[in-house]
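Reading the structure
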Amino acid sequence: MVASTTAVALAAVVAGLTSASPNAPRTKVGTFSLPQVRNPGFKKHGPAQLAKTYVKYGASLPDGLARTMATFNGRFDKRDSGSARASPEQYDIQYLTPVEIGTPPQTLNLDVDSGSSDLWVFSTEMPASSVKGQAQYDPSKSSTAKRVQDATWNITYGDNSYSEGIVYKDVVNVGGVSFDAQAVEAATAVSQTFTTDANDDGLLGLAFSTINTVQPSQEKTFFDNVASELDAALWTADLKYHKSGCYDFGVIDDSKYTGQITYTDVDSSDGFWMFDVSGYGIGNNTFQSTSFQGIADTGTTLAMLPAQVVKAYYKQVRGAKLDNSQGGYVFPCQANLPSFVYGVGNARYEIPGQYINYAPVDNDGTTCFGGIQSDAGIGFAILGDILLKSAFVVFDASENVPRLGFAKK
Ligand SMILES: CNCc1ccc(Oc2cccnc2)o1
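This section reports on the structure supplied with the text. (Residues numbered from 1 in each chain as written. Predicted model: local features only at pLDDT ≥ 70, side-chain atom pairs only at ≥ 80, totals over all residues. Heavy atoms only, no water.)

**Some details on the site of the ligand**
Residues in contact with the ligand amount to 14 residues; listed here are only the nearest, Gln94, Asp111, Asp159, Ser161 and Gly299. Asp159 is positioned with one of its side-chain polar atoms (N or O) 2.8 Å from a nitrogen atom of the ligand. Here Ser161 contributes a side-chain N or O atom positioned 3.3 Å from an oxygen atom of the ligand. Expressed as a share of its isolated accessible area of 380 Å², the protein-covered part of the ligand is 87%. Looking at the shell around the ligand, its residues break down into 3 nonpolar, 6 polar and 5 charged. (Near = heavy atom within 4 Å. Polar contact = N/O pair within 3.5 Å; in protein donor to acceptor, adjacent residues only side chain to side chain. Areas by Shrake-Rupley, 256 points an atom, 1.4 Å probe, with all protein chains shown as cover. Nonpolar A, V, L, I, M, F, W, Y, C, P; charged D, E, K, R; others polar.)

Printed below as a string of structure tokens:
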């Protein structure tokens, strides 16, 4: 930002020095004055003025100025913002977002994941046996793909899914926001859970770049790469129950929420969007102001909450039980589930009971698996899609301390 201010200041000085043309005839005609009129259509733009001056005197533009002018390509005042659809898989197990990679663009449907920081894709670098219907990034078909020599990555997720591979730099476009040298992590191997997930072509990590797994030199997330070009260094998640939602970059679309946005500071020291949940309520019972730490994680399907909170919730559900063979709390699919309320500061956000009936565990739909489960062993709560889809969420990195915003919708 300072660089462009300097350019503007410099341009203003240079523009001022060249206001009178040096080529005017030098005849002695006494004095004359030319009243100046303001050009109503003139938009002040430092780099453009400076560039004009260089061109006027036949000088070539310094590289930085040429690059600046290239990025503006006529958009003198607009910076950037974009919007990308988030389509749910069955049971909202995850939401997939089309991402264009390479030249010409190859479209892959990625799982936007605020709980990790690698952008990785199924690729032609992996064995065909690991690919069951997914789209594959083919760097050999992208004129802008450049291999990052000796770079590798590997990552394991909360559900023990795993992937690893090599790295290219290429153009990546998400919802109209583009970066021309994004680290695209091409998978050479993935776990069976990814192979069987036919619609998921990879992940787009939007946690903090400090937990990106590329070695020997860590790479930046897509958001960190584009943040300085966005109208505002933030992105928003508007996920929905059993229907498509939207990720926006660089803009808060006021039509997508009601009332006020409540902000809370984020502790990003572990690389996550970690914040304090101020408490919880079950159905119409009194709100319990016992705070706990949790991460906002669009890449986790369920809500993993403190064991005591989960126990108190399912105590209100007739026939609910902890079934370790299923890996968590189950209940009769016909159960009438109470709503769940979580607090952010003084604000309260309610998850309808219906959202907490995640999916049947048996073919006849008798027993269902809960959307709220215990975070035992994780070390913090995970506010996954079950909770996030009931709010409009702002992931705001525009200030020194990042923050999360929540609003009703
Ligand atoms: C559903 N298993 C495969 C799979 C798709 C996306 C991911 O990634 C995850 C899993 C858990 C938490 N965060 C990201 O794994």
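Structure's up, so let's keep going.
**Comments concerning the nonpolar core**
Note that soluble globular proteins tend to have their nonpolar side chains buried in a common cluster. One finds Leu305, Phe340, Tyr342 and Phe406 to be the most contacted residues of the largest nonpolar core, which totals 83 residues. Those residues within four positions of Leu305 in sequence are excluded, and the remaining contacts are Phe292, Val310, Phe340, Ile372, Gln373, Ser374, Asp375, Ala381 and Leu387. (Core = buried A, V, L, I, M, F, W, Y, C linked by side-chain atoms within 4.5 Å. Buried < 20%, exposed > 50% of the residue type's maximum accessible area, 1.4 Å probe, protein only. Contact = heavy atoms within 4.5 Å.)

**Concerning helix 6 (residues 307-314)**
Within helix 6, the full set of buried residues consists of Val309, Val310, Tyr313 and Tyr314. Buried positions in helix 6, seen along its axis, are confined to an arc of 120° and lie on one side of it. For helix 6, the exposed residues set more than 90 degrees away from the buried face come down to Gln308 and Lys311. (Helix = DSSP H or I, 4+ residues; strand = E, 2+ residues; numbered from the N terminus. Arc of directions from axis to C-beta.)

**With respect to the pairing of strand 17 (residues 328-332)**
Most of strand 17 is tucked away, with 4 of its 5 residues classed as buried. Of the strand pairs in this sheet, strand 16 (residues 321-323) and strand 17 are connected by 3 bridges, and their pairing is antiparallel. Residue Lys321 lies in a different strand from strand 17, and its bridge partner there is Val330. Counted along the chain from strand 16 to the antiparallel partner strand 17, the turn is 4 residues long, and its residue Gly327 has a positive phi close to 90°. Bridge analysis of strand 17 against strand 21 (residues 367-370) gives 3 bridges, and the strand direction is antiparallel. (Pairing = 2+ DSSP bridges.)

**What to know about the side chain of Asp113**
Relative to the helices and strands, Asp113 is located in strand 3 (residues 106-113). In this structure Asp113 is buried but unpaired, with Lys389 as the nearest side chain of opposite charge at 15 Å. A polar atom in the side chain of Asp113 sits 2.7 Å from the backbone nitrogen of Gly115. In terms of polar contacts, Asp113 uses its side chain to reach the side chain of Ser116, at 2.6 Å. When neighbours within four sequence positions are excluded, Asp113 is seen to be in contact with Tyr157, Leu203, Leu204, Gly205, Leu206, Ala207, Asp297, Thr298 and Gly299. (Lys, Arg positive; Asp, Glu negative; His and termini not counted. Salt bridge = Lys/Arg side-chain N within 4 Å of Asp/Glu carboxyl O.)

**Side note on unusual backbone geometry**
In this structure, the amide linkage connecting Thr103 to the following residue, Pro104, adopts the cis form with an omega of -10°. Topologically, Pro104 is positioned in the loop between strand 2 (95-101) and strand 3. For the peptide bond that leads from Gln215 to Pro216, omega is 0°, which places it in the cis range. With respect to the helices and strands, Pro216 occurs in the loop between strand 8 (202-205) and helix 5 (222-226).

**Remarks on the pattern of salt bridges**
Within this structure, the stated rule accounts for 7 salt bridges. Two residues, Lys141 and Asp138, come together in a salt bridge whose shortest N-O distance is 3.0 Å. Residue classification places Lys141 among the exposed residues on the basis of a relative accessible area of 58%. The partner of Lys240 in a salt bridge is Asp238, with the nearest N and O atoms 3.8 Å apart. On the basis of relative accessibility, which here comes to 28%, the residue Lys240 falls in the partly exposed class.

**Digging into the packing of aromatic side chains**
Summed over all chains, the structure comprises 24 aromatic pairs. With a centroid separation of 6.2 Å and 10° between ring planes, the pair formed by Tyr280 and Phe340 is classed as stacked. One end of the pair, Tyr280, is in strand 13 (residues 279-282); the other, Phe340, is in strand 18 (residues 340-344), with 60 residues separating them in the sequence. Of the two residues examined, Tyr280 and Phe340, each falls in the buried class. Taken together, the aromatic side chains of Phe208, Phe222, Trp235, Tyr247, Phe249, Trp273 and Phe395 make up a single cluster linked through ring pairs. The side chain of Arg403 reaches across the aromatic face of Tyr263, ending 3.6 Å from its centre. One residue, Lys408, lies across the ring of Tyr349, its end atom 4.7 Å from the ring centre. (Phe/Tyr/Trp six-rings, centres within 6.5 Å; stacked < 30°, edge-to-face > 60°. Lys NZ or Arg CZ within 6 Å of the ring centre and 35° of its normal.)

**Some words on empty space enclosed by the protein**
Applying the stated rule across the entire model yields 1 cavity of 30 Å³ or more. Empty space within the largest cavity amounts to approximately 30 Å³. Around the largest cavity, the lining residues are Tyr91, Asp92, Tyr241, His242, Tyr355, Asn357, Tyr358, Ile386 and Lys389. A per-class count over the lining of the largest cavity returns 5 nonpolar, 2 polar and 2 charged. (1 Å grid on protein atoms, 1.4 Å probe; cavity = no way out; pocket = protein on both sides within 12 Å on 5 of 7 lines; lining within 4 Å. Points joined across faces, edges and corners; volume = space filled by probe spheres on them.)

**Considering the environment of Asp201**
Position of Asp201 among the secondary structure elements: in the loop between helix 4 (192-195) and strand 8. Classification of Asp201 by relative accessible area gives buried; the value is 3%. Contacts of Asp201, omitting those with residues within four sequence positions, involve Leu108, Asn109, Leu110, Trp120, Val121, Phe122, Gln134 and Ala135. A distance of 2.9 Å separates a polar side-chain atom of Asp201 from the backbone nitrogen of Ala135.

**Some details on the sheet that holds strand 13**
In a beta sheet, neighbouring strands are held together by backbone hydrogen bonds and run either parallel or antiparallel to one another. With antiparallel pairing, 3 strands are arranged side by side in an open sheet as 13-18-19. Two strands lie at the open edges of the sheet, namely strand 13 and strand 19 (347-351), each paired on one side alone. Taking the axes of each pair of neighbouring strands and ignoring which way they run, one obtains an average angle of 25° across the sheet. Here strand 18 pairs with strand 19 via 5 bridges, running antiparallel. Note on strand 19: the bridge partner recorded for Val341 is Glu350. (Axes fitted to C-alpha atoms, helices over the stretch in contact; angles between N-to-C directions.)

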